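Chain by chain, the residues:
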Amino acid sequence: MKKILLSLVVAALAGGGIFYVLTLPGQISVDELESFKNLKANSENGRYMFYAGGCASCHAKPAKNKCDEPNYTDAFDLSGGRCLKTPFGTFNVPNISPNQKLGIGSWSHSDFILAMRKGVSPGGKHYYPAFPYTSYQKMTSQDLVDLQAFLGSLAPKAVASLPHDLKLPFRFRRGLGLWKRLYLASAPFKNDPSLDTQLNRGRYLVEGPGHCSECHSPRDSFGGIITARKFGGSKALEGKGYIPNLTPHKDGIADWSAKDIAYSLKTGFMPDYDSFGSSMVKVQENMAHLTDADRAAIAAYLKSLKPIARKK
Amino acid sequence: MITNTTSLSLTSALMAVFMLVSSPVLAENPVHERHELMESVGKSMKAIGKMMQDFYDAKVAEDNMKIINAVPDKFKTMFPKGSDKDPKSAAAPKIWTERAGFDKILESLKADTAAAIAVAQKGDAGEAEFGGAFGKVAKNCKSCHQTYKLKKEKH
């Protein structure tokens, strides 16, 4: 009996130890940090990345104080306050204005990079992937440094962030360490040598800052993107409805030309002159700030995706 | 020989049948009606959009803005209670719960299309002004779809 008890205790300790190790929050290596020190921040490019990354879509103070509506009046008021109601519970979007205490004004370069690349807070806690670091992780070091400089130039807002209100198993942040092992790429994102410059630029904007797949892909029950169906459209995780298929399948954008895609991102009009709705309205308004060349690159990359049928 | 009276009663009988058939369709399928109306707006916006990328044509601008101008009054009556339940409907529940905001956008669409018609009626002289007027009209599409339309795959 004693032996059984003892082995149970040992097993529990070992299990706990394994869990502890497997769920350790990621860190930025010394080499990676060193490489950042030589970069000179360009706030103008940071502004461009702010639009490409759609930061305001979630972090801007919601209009009319309605937290569940994808609408804001001032893209540069990053007090947070939007709520994302999902099957996992409600995520309350935090203040990322440069307020020293309530925002991210006191963050060092390494704090910012740790958040964007590893989804880890300066205090060493895992962020939930509602913050799309799975995509932002692909951004270049230069773009990240520039973005942080631009965010730092905006008005600090003295608004406290609300805690998330999640369902039970998801309340334990530590478990996200396991999630990240499954769904967060550990290797840095690199250009694909088989693609031309335009396709590589489009791929970068779509997969990295643009984080298109985060909404346009179905997720499994743990909230990870189902890789085989990436970009294939999905029932909306936040709010109601169905998010369209972005691949060149007949269910998706097969009958859109690359020009149609670029034009829709510039104007908000689809080929039949229906206009984008719901959360895509602000996404499009952000995309309208990009250059024609970048919108064309996004369009070219989307047209190059493998066609996937929408899941019924 | 068919007399005038018989043909008249035949016509009215046919009319009655037609009304019996068509009125429940109108009442029971507002979703279809809504889609048809929105598609007509899309067609008119497309005609104007293409025209503006091509050569300015005040007549195309005026005719199509008139079509859109007639939409808000019709649209207001097309959302009876329960018509959000149709799986094909892309109408967001807020049309029923926050109706005032919805009506406000429809009124704004009516006013902005009326202003655009006035610009178009200036003929070629209105060309420079029309772009801005068109932009104002388009903003109503966006603001309405943002709040009052669900994310939806096309059928």
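Since we're looking at a predicted model, the values are computed, not measured.

## Description of a nonpolar patch on the surface
Residue and element names in this part refer to chain A. On the surface, Ile-18, Phe-19, Leu-22 and Leu-178 cluster together to form a nonpolar patch covering roughly 320 Å² of accessible area. Counting residues per element, the nonpolar patch draws most heavily on helix α1 (residues 2-22), at three residues. Looking at where Phe-19 falls in the secondary structure, it is placed in helix α1. Look at Phe-19 and you get partly exposed, because its relative accessible area is 36%.

## A look at the side chain of Lys-282 of chain A
Secondary-structure assignment places Lys-282 of chain A in helix α13 (residues 280-287). Filtering out sequence-adjacent residues up to four positions away, Lys-282 of chain A remains in contact with Ser-57, Pro-70, Asn-71 and Tyr-72 of chain A together with Gln-146 of chain B.

## What about the packing of helix α6 (residues 99-120) of chain B against helix α7 (residues 127-148) of chain B?
Residues and elements named next belong to chain B. Between α6 and α7, the shortest axis-to-axis distance is 9 Å and the interhelical angle comes to 165°. Between α6 and α7, the angle is such that the two are roughly antiparallel. In this structure, α6 meets α7 at a crossing whose hand is left-handed. On the side of α6, the interface is formed by Gly-101, Phe-102, Ile-105, Ser-108, Leu-109, Asp-112, Thr-113, Ala-116, Val-119 and Ala-120, while α7 contributes Glu-129, Phe-130, Ala-133, Lys-136, Val-137, Asn-140, Ser-143, Cys-144 and Tyr-148. Of the residues contributing to the contact of α6 with α7, the split by class is eleven nonpolar, five polar and three charged.

## Re the packing of aromatic side chains
All names here are of chain A. Applying the stated rule across the entire model yields 20 aromatic pairs over all chains. When the centroid spacing of 5.6 Å and the interplanar angle of 45° are considered together, the rings of Phe-50 and Phe-76 count as tilted. Of this pair, Phe-50 sits in helix α3 (residues 43-53) while Phe-76 sits in the loop between α4 (55-59) and β1 (83-86), and the two are 26 residues apart along the sequence. A relative accessible area of 1% places Phe-50 in the buried class.

## Concerning the interface of chain B and chain A
Facing 22 residues of chain B, the contacting portion of chain A comprises 32 residues. Around 2200 Å² of area is buried between chain B and chain A when both sides are counted, 48% of it from carbon and sulfur atoms. Where chain B packs against chain A, one counts five salt bridges. Between Lys-149 of chain B and Asp-274 of chain A there is a salt bridge, and its shortest N-O distance comes to 3.0 Å. The interface formed by chain B and chain A includes twelve residue pairs in polar contact (both at pLDDT 80 or more). When contributions to the side of chain B that touches chain A are tallied by element, the ones reaching two or more residues are α2 (30-53) and α7 of chain B. Sorting elements by how many residues they give to the side of chain B that touches chain A places α7 of chain B first, with seven residues. Residues of the side of chain B that touches chain A, tallied by class, amount to six nonpolar, six polar and ten charged.

About the criteria used
Residues numbered from 1 in each chain as written. Chains lettered and ligands numbered in written order. Predicted model: local features only at pLDDT ≥ 70, side-chain atom pairs only at ≥ 80, totals over all residues. Heavy atoms only, no water. Patch = residues over 30% accessible without salt bridge, like charges linked within 9 Å, V, L, I, M, F, W, Y side chains within 5 Å. Areas by Shrake-Rupley, 256 points an atom, 1.4 Å probe, with all protein chains shown as cover. Salt bridge = Lys/Arg side-chain N within 4 Å of Asp/Glu carboxyl O. Helix = DSSP H or I, 4+ residues; strand = E, 2+ residues; numbered from the N terminus. Buried < 20%, exposed > 50% of the residue type's maximum accessible area, 1.4 Å probe, protein only. Contact = heavy atoms within 4.5 Å. Axes fitted to C-alpha atoms, helices over the stretch in contact; angles between N-to-C directions. Parallel < 35°, antiparallel > 145°, perpendicular 65-115°, else oblique. Left-handed = near helix turned anticlockwise from the far one by under 90°. Nonpolar A, V, L, I, M, F, W, Y, C, P; charged D, E, K, R; others polar. Phe/Tyr/Trp six-rings, centres within 6.5 Å; stacked < 30°, edge-to-face > 60°. Buried area = accessible area lost by both parts, 1.4 Å probe. Polar contact = N/O pair within 3.5 Å; in protein donor to acceptor, adjacent residues only side chain to side chain.

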